[in-house]
Amino acid sequence: MAKVHHQRFAGGVVRVSSPQGRFADGAALVDGRVLVKSEAWGKHLLHHYDSGLVVHVHLGLYGTFSEPAESLGVPVGQVRMRIFGAGRADGPVYGTDLRGPTACEVLHEPEVAALTARLGPDPLRRNADPDRAWQRIRRSSRPLGALLMDQSVVAGVGNVYRAELLFRHGISPQRPGRDLTADEWDALWTDLVELMKVGVRRGKIVVVRREHDRGAPAYADGKPRTYVYRRAGEPCRICGSTVLHAILDGRNLFWCPTCQPG
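Residues numbered from 1 in each chain as written. Predicted model: local features only at pLDDT ≥ 70, side-chain atom pairs only at ≥ 80, totals over all residues. Heavy atoms only, no water.

## Focus on the sheet that holds strand β8 (residues 103-107)
1) Next: Strand order in the open sheet formed by four strands is β2-β3-β4-β8, with antiparallel pairing between adjacent strands. Among the strands making up the open sheet, the edge pair consists of β2 (35-41) and β8. Strand-to-strand, the axes of this sheet are offset by a mean angle of 15 degrees, without reference to chain direction.
2) Next: When β2 meets strand β3 (residues 44-49), the two strands line up antiparallel, connected through six bridges. (Pairing = 2+ DSSP bridges. Helix = DSSP H or I, 4+ residues; strand = E, 2+ residues; numbered from the N terminus. Axes fitted to C-alpha atoms, helices over the stretch in contact; angles between N-to-C directions.)

## A closer look at the domain arrangement of the protein
1) Next: In terms of domains, the protein is made up of domain 1 (1-118) and domain 2 (130-255).
2) Next: Spacing between the C-alpha centres of domain 1 and domain 2 amounts to 30 Å.
3) Next: Facing the five residues of domain 1 at the interface are eight residues of domain 2.
4) Next: In this assembly, domain 1 and domain 2 are joined by zero salt bridges.
5) Next: Linking domain 1 with domain 2 are one residue pair in polar contact (both at pLDDT 80 or more), by the criterion used here. (Domains from an automatic or database assignment. Contact = heavy atoms within 4.5 Å. Salt bridge = Lys/Arg side-chain N within 4 Å of Asp/Glu carboxyl O. Polar contact = N/O pair within 3.5 Å; in protein donor to acceptor, adjacent residues only side chain to side chain.)

## Observations regarding the pairing of strand β9 (residues 244-248)
1) Next: Judged from the five bridges that link them, β9 and strand β10 (residues 251-255) form a sheet pairing that is antiparallel. In the sheet register, A246 faces β10, and the bridge partner there is L253.
2) Next: Remark: two residues form the turn of the hairpin made by β9 and β10, two consecutive strands paired antiparallel; D249 in that turn has positive phi of roughly 55 degrees.

## With respect to unusual backbone geometry
1) Next: Of note, R230 is a non-glycine position whose phi angle comes to about 60 degrees, a positive value.
2) Next: Following the sequence through the fold, R230 ends up in the loop between α7 (182-202) and β9.
3) Next: When its relative accessible area of 40% is taken as the criterion, R230 is described as partly exposed.
4) Next: In this model, D249 sits at a positive phi of 55 degrees, which is unusual for a non-glycine residue.
5) Next: Inspection of the secondary structure assignment puts D249 in the loop between β9 and β10.
6) Next: A relative accessible area of 58% means that D249 is categorised as exposed. (Buried < 20%, exposed > 50% of the residue type's maximum accessible area, 1.4 Å probe, protein only.)

## Let's talk about the layout of surface pockets
1) Next: The volume enclosed by the second largest pocket comes to roughly 250 Å³.
2) Next: Lining the second largest pocket, in full, are R202, K204, I205, V206, V207, V208, R209, R210, D213, P224 and R225.
3) Next: Looking at side-chain class alone, the lining of the second largest pocket contains five nonpolar, no polar and six charged residues. (1 Å grid on protein atoms, 1.4 Å probe; cavity = no way out; pocket = protein on both sides within 12 Å on 5 of 7 lines; lining within 4 Å. Points joined across faces, edges and corners; volume = space filled by probe spheres on them. Nonpolar A, V, L, I, M, F, W, Y, C, P; charged D, E, K, R; others polar.)

## Looking at the pairing of strand β7 (residues 94-99)
1) Next: Sheet analysis places strand β5 (residues 64-65) next to β7, joined by two bridges and oriented antiparallel. Its bridge partner being in β7, T64 is matched across the sheet by R99.
2) Next: Judged from the six bridges that link them, strand β6 (residues 79-85) and β7 form a sheet pairing that is antiparallel. What sits directly across from F84, in β7, is G95.

## Notes on the pattern of salt bridges
1) Next: Overall, the coordinates contain 12 salt bridges when judged by the stated rule.
2) Next: R99 is paired through a salt bridge with D97; the nearest N and O atoms lie 3.9 Å apart.
3) Next: On the basis of relative accessibility, which here comes to 3%, the residue D97 falls in the buried class.
4) Next: The shortest N-O distance in the salt bridge between R142 and D249 comes to 3.6 Å. Placement of R142 in the loop between α4 (130-137) and α5 (144-147) and of D249 in the loop between β9 and β10 is noted, with a sequence separation of 107 residues between them.

## Let's talk about helix α6 (residues 159-168)
1) Next: Most of α6 sits out of view: 10 of its 10 residues are buried.
2) Next: Listing the buried residues of α6 in full gives N159, V160, Y161, R162, A163, E164, L165, L166, F167 and R168.
3) Next: Where α6 ends, the next residue or the one after it, G170, has phi of about 65 degrees, a positive value.

## Concerning the nonpolar core
1) Next: In this structure, I137, V154, Y161, L180, W185, L192 and V228 are the most contacted members of the largest nonpolar core, which totals 33 residues.
2) Next: The set of elements that each furnish at least two residues to this core consists of α4, α5, α6 and α7.
3) Next: Ignoring sequence-local partners within four residues, the contact set of I137 consists of L144, L147, V153, G177, R178, L180 and W185.
4) Next: One finds F9, F65, M81 and C104 within the second-largest nonpolar core, a separate group that totals 19 residues. (Core = buried A, V, L, I, M, F, W, Y, C linked by side-chain atoms within 4.5 Å.)

What follows is the structure, given as structure tokens:
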């Protein structure tokens, strides 16, 4: 989403409003300003304006941006923030509506710096340092399934990537972080970076290797084909064992007990 917003809005004046009203004061601070750039830090979206102010958005579990369109029409539902504009004076005009985010707020640059300092390395950022995450993981007794979802350890990993990454490497999500080897972490990080880059490039999550992508369909229409995510009770694509499910730190956890022993 950050890349799309940068391509469509950066460099031009944008109109920002809050049809719902909950972001009205914040919208007024950036309305009519030039959007300089849009970037992502993990699951945090940052819109930088020429005034030095930054709009910070965290979608959480339920937040969504509409597909940009030339004419948004009358707002439908609880639209927290509406953006409308063009990145170039002679370019097409786009718009997008934000609904249901966990956070939508205006920050100053020092506040943005404090926010990003609390986050772990983001696999999609070129300067990400995986050793920062490794130092946290190697000293922790928490299960890897929890550590990978901790945004202060690794930024940007969601439930699908957590489940599928551990499956691809045959690692139990219940294994304590301190039991992971340095070589295993290097392999996990390298694979995670590639998987997330593919996801951005193709606009969808792709985690099942071609040689395993047969038989079992995706867990729902329009959803990614997965090894274990949302496949509880179904046979593993590799060994045929029943995929298991549990709750870990309030989130659904999926794994194959045979392919991911321990």
